[in-house]
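# Structure assessment
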Amino acid sequence: MILVTGASGTVGRPVLEEVAKTGKPVKAMYRSAEDARNAPAGVVTVIADFAEKASLAKALQGIDTIYLVCSPIPQLVELENNVIQACKQAGVAYVVLNSALGAGDYPKSFPSWHRQVEDKLKASGLLYTILRPNSFMQNIAAYMAPSIRAQSAFYSAMGDAKLSLIDVRDIAVIVAKALTNPAAFAGKTIELNGPEAFSYAEIAGKISRVAGRTVQYVNIPEAARLGMLDLGMPEWQVNALLELQQYYTVAGKGAEVTPPIKDFLGRAPIRLDQYLDENKDIFHSQAAGA
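Note that the coordinates shown come from a computational prediction; the quantities given were computed from them, not determined experimentally.

This paragraph deals with the nonpolar core. Ranked by internal contacts, the top residues of the largest apolar core, which has 58 residues, are Ile140, Phe154, Ile207, Leu272 and Phe283. In terms of residues, this core owes the most to one element, helix H4 (residues 76–90), which gives seven residues. Setting aside anything within four residues of it in sequence, one finds Leu272 in contact with Met137, Ile140, Leu165, Glu196, Phe198, Ile203 and Lys206. Ranked by size, the runner-up nonpolar core spans 34 residues in total, among them Val19, Val26, Val43 and Phe185.

Inspection of the entire model under this criterion finds zero disulfides. Summary of cysteine pairing: Cys70 is not part of a disulfide, and the nearest cysteine sulfur, belonging to Cys87, is at 14 Å. Relative accessible area serves as the criterion here: at 13%, Cys70 is assigned to the buried category. Exposure remark for Cys87: the relative accessible area of 1% places this residue in the buried category.

Along helix H1 (residues 12–22), the positions that sit buried rather than exposed are Gly12, Pro14, Val15, Leu16, Glu18 and Val19. Elements in contact with the buried residues of H1: strand E1 (2–4), strand E2 (26–30), strand E4 (65–68) and helix H7 (168–180). Gly23, located one to two residues past H1, shows a positive phi value of around 85°.

This paragraph deals with the side chain of Ser112. As for its position among the elements, Ser112 is in helix H5 (residues 109–122). Within polar-contact distance, the side chain of Ser112 engages the backbone oxygen of Ser109 at 2.7 Å. When near neighbours in sequence (up to four residues on either side) are disregarded, Ser112 contacts Tyr106 and Pro107.

Once that is clear, we can look at the sheet that holds strand E3 (residues 44–47). Taken in spatial order, the seven strands make up an open sheet running E3-E2-E1-E4-E5-E6-E9, and their pairing is parallel. Of all the strands in the sheet, the pair left with one neighbour each is E3 and strand E9 (189–192). Taking the axes of each pair of neighbouring strands and ignoring which way they run, one obtains an average angle of 20° across the sheet. Where H1 meets the sheet, its contacts fall on E1, E2 and E4, and the angle it forms with E2 comes to roughly 165°. Sitting on the sheet, H4 touches E4 and strand E5 (94–98), and the angle it makes with E4 is about 175°.

Another point: the pattern of salt bridges. Counted according to the given criterion, the structure contains 16 salt bridges. In this structure, Arg115 and Asp119 form a salt bridge, with 3.1 Å as the shortest nitrogen-oxygen distance. Of this pair, Arg115 and Asp119 both sit in helix H5, four residues apart, which is roughly one turn of the helix. Linking Arg209 and Asp277 is a salt bridge whose minimum nitrogen-to-oxygen distance equals 3.1 Å. Of this pair, Arg209 sits in helix H9 (residues 200–211) while Asp277 sits in helix H13 (residues 272–278), and the two are 68 residues apart along the sequence. Residue Arg209 is classed as partly exposed on the basis of its relative accessible area, which comes to 48%. Looking at Asp277, the relative accessible area reads 39%, which means it is partly exposed. Linked through salt bridges whose partners overlap, the residues forming this network are Lys206, Arg209, Asp273 and Asp277.

A separate point is the packing of H5 against helix H11 (residues 235–249). Axis separation between H5 and H11 bottoms out at 6 Å; the angle between their running directions is 95°. One finds that H5 runs roughly perpendicular with respect to H11. On H11, the residues that touch Ser109, Phe110, Pro111 and Trp113 of H5 are Trp236, Ala240, Leu241, Glu243 and Leu244. Partitioning the contact of H5 with H11 into residue classes produces seven nonpolar, one polar and one charged.

Turning to its location among the elements, Gly42 is positioned in the loop between helix H2 (33–36) and E3. Residue classification places Gly42 among the exposed positions, given a relative accessible area of 83%. With 22 residues separating them along the chain, Gly42 and Ala20 place their C-alpha atoms 9.2 Å apart.

Calculation rules
Residues numbered from 1 in each chain as written. Predicted model: local features only at pLDDT ≥ 70, side-chain atom pairs only at ≥ 80, totals over all residues. Heavy atoms only, no water. Core = buried A, V, L, I, M, F, W, Y, C linked by side-chain atoms within 4.5 Å. Buried < 20%, exposed > 50% of the residue type's maximum accessible area, 1.4 Å probe, protein only. Helix = DSSP H or I, 4+ residues; strand = E, 2+ residues; numbered from the N terminus. Contact = heavy atoms within 4.5 Å. Disulfide = S-S within 2.5 Å. Polar contact = N/O pair within 3.5 Å; in protein donor to acceptor, adjacent residues only side chain to side chain. Pairing = 2+ DSSP bridges. Axes fitted to C-alpha atoms, helices over the stretch in contact; angles between N-to-C directions. Salt bridge = Lys/Arg side-chain N within 4 Å of Asp/Glu carboxyl O. Parallel < 35°, antiparallel > 145°, perpendicular 65-115°, else oblique. Nonpolar A, V, L, I, M, F, W, Y, C, P; charged D, E, K, R; others polar.

This is the structure:
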């Protein structure tokens, strides 16, 4: 039995859908009954919280394999360690961990948190696969689209640095393969990059094409902190994002396109133009609630 945590999340939801396609027995973990009501038809659900060890013990009953993913929050290390310990106690054999690009070599920000969890998992004695994805194409909808709708512009401090964005649907396919074929994946740590690397200025040009108007990228290194705080982001998140941008801009680590993701997918990966064509409505004012 496979348990998919974070089943309502950006990656967890498509992972659940991909695992369900395989016909393998699967359960979906949610934090509330309200979230669980949105589970795909026919999927068994369980309610649990990473912070509540008793609920984890109940959720892990009868589970052999788990997909472990957590939101990038300061408690990530503690919460995911709770799950690892609960897996050991429940007799779970195999953990597929959703980590992050940079966990191997960047001692700051979100990657450093993920690295601590990776180390705990490796020391646990459990079979594991660790996946380190690059930034998601879906972050365009979350972080860029609101200001594009309002101002035909988006703001960051990325300069000319390039990112090889990856679609979460491709991540989900690879996660599902890892969950259902441990013999081929166990013991591996795999970095997942998109098929192409683009600067934010180049991304703005691509968005302009699908939006039907000029969209600008505005590089604001001096004002980046104030801008994020003005949006209501907590200071810890602002600090972490700015440190992550240093990894991309100073170290240039976000532009890798190797190893080729198609080798893991067994098909061509989703490219940025395809994602933008499918989601062009998010850049129009009538999609303000998207």
